[in-house]
Amino acid sequence: MNKQLYALFGNPVSHSKSPLLHNSLFKHLSINACYTRYLLEDGALLKDKFFSLGLHGANITVPFKENAYEACDEIDEYAKNIGAVNTIIKKNEKLCGYNTDAPGFLASLDGFRPKNVLILGAGGTARAIAFALKNEGIKVTIANRSHGRLEFFMQHGFECDVFDHLNSDLKFDLVVNTTSAGLSAEELPCEKEKLCALLLNTKLVYDCIYKETPFLHLAKELNIEAKNGLDMLIWQAFFAFEIFIGHEVDSKLIGIMKEAVK
Ligand code: NDP
């Protein structure tokens, strides 16, 4: 059987650990497949690239999850609500889309059950996390630097505000950064004074970026428990892997992925 090819589409992608995660499990399970990265300049070209590269499946990262949603011929019910796709597979020459960021985020909380959550950012990841938490009966507020992407959340009944108008006296059990601030540049998602006030009132600070960001440094300076996005990355990859190979995998094998990124 020919080797099956998988890829991560995004911009940037050079930092990504996804190839390590997927290739470790392909190897462990003796599956003849290979996962690589593809730097995509234009989200509108996603579908053409997927087929011209001869891929069986792919993950999509920043900033193309909404493009991936548009590119799919069929979308699973869960991803349909979210309006963002991070995993695609080819079925009968059609592109089918899924979202594993949502279950990946929930699994990464490792039993922590917040009552109310503030999400910073309003892109594809924010959508996934907002719906995952809402489905669990958790109250979610979204704040973003600009108004445009908040429209989607307003239409779905979430509390929303731009950073400038957000009341910093509000109390949240969990504050999650889903903005790309801190990914390539050393910057905070919003103005430091407001952020400090919000973080001082919270139990856990979470950054979806899986490295030590200025946001996480600030939380640590304030002595607030802080978690980066590595566990989320691993869990979303594990759930995507199951979609790629078409069946469930013993959840203990997450250990292989964890070992690979150590
Ligand atoms: P999107 O491009 O869809 O959304 C980006 C969001 O960040 C928008 O709300 C945008 O605001 C905001 N933003 C961008 N730059 C800044 C900045 N300098 N300051 C403040 N806000 C900013 O990205 P995604 O939702 O796909 O991904 C977001 C982040 O989450 C990425 O860093 C990605 O690496 C991480 N991620 C991690 C995962 C994991 O498994 N650990 C999984 C998925 C994502 P605006 O609307 O105003 O442009």
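For the structure, check the block above.
A short tour of the structure in this document, coming up. (Residues numbered from 1 in each chain as written. Predicted model: local features only at pLDDT ≥ 70, side-chain atom pairs only at ≥ 80, totals over all residues. Heavy atoms only, no water.)

## Re helix α8 (residues 192-200)
The α-helix advances 3.6 residues per turn, and as a result positions three or four apart in sequence lie on the same side. Among the residues of α8, K194, L195, C196, L198 and L199 are the ones counted as buried. In this structure, the buried side of α8 is in contact with β7 (116-120), β10 (174-177), β11 (204-207) and α9 (214-221). (Buried < 20%, exposed > 50% of the residue type's maximum accessible area, 1.4 Å probe, protein only. Helix = DSSP H or I, 4+ residues; strand = E, 2+ residues; numbered from the N terminus. Contact = heavy atoms within 4.5 Å.)

## What about the environment of E193?
Structurally, E193 is set in helix α8. For E193 and S168, which are 25 residues apart along the polypeptide, the C-alpha to C-alpha distance reads 9.1 Å.

## Regarding the layout of surface pockets
Reported here for the largest pocket is a volume of approximately 940 Å³. If you go around the largest pocket, you meet 41 residues; those closest to its centre are V62, T125, T178, T179 and S180. When residues of the lining of the largest pocket are traced back to their parent elements, those giving at least two are β3 (57-60), α3 (65-71), α6 (124-135) and α10 (230-245). The residue inventory of the lining of the largest pocket, partitioned by class, reads 17 nonpolar, 18 polar and six charged. Counting contributing residues, the lining of the largest pocket receives three or more from each of domain 1 (4-99 + 234-261) and domain 2 (103-228). Roughly 170 Å³ of volume is contained in the second largest pocket. Taken together, 14 residues line the second largest pocket, and the ones lying closest to its centre are K139, T141, E159, L170 and F172. Within the residue set of the lining of the second largest pocket, elements represented by two or more residues are β7, β8 (139-144) and β9 (159-162). A breakdown of the residues in the lining of the second largest pocket according to their chemical character gives six nonpolar, four polar and four charged. (1 Å grid on protein atoms, 1.4 Å probe; cavity = no way out; pocket = protein on both sides within 12 Å on 5 of 7 lines; lining within 4 Å. Points joined across faces, edges and corners; volume = space filled by probe spheres on them. Nonpolar A, V, L, I, M, F, W, Y, C, P; charged D, E, K, R; others polar. Domains from an automatic or database assignment.)

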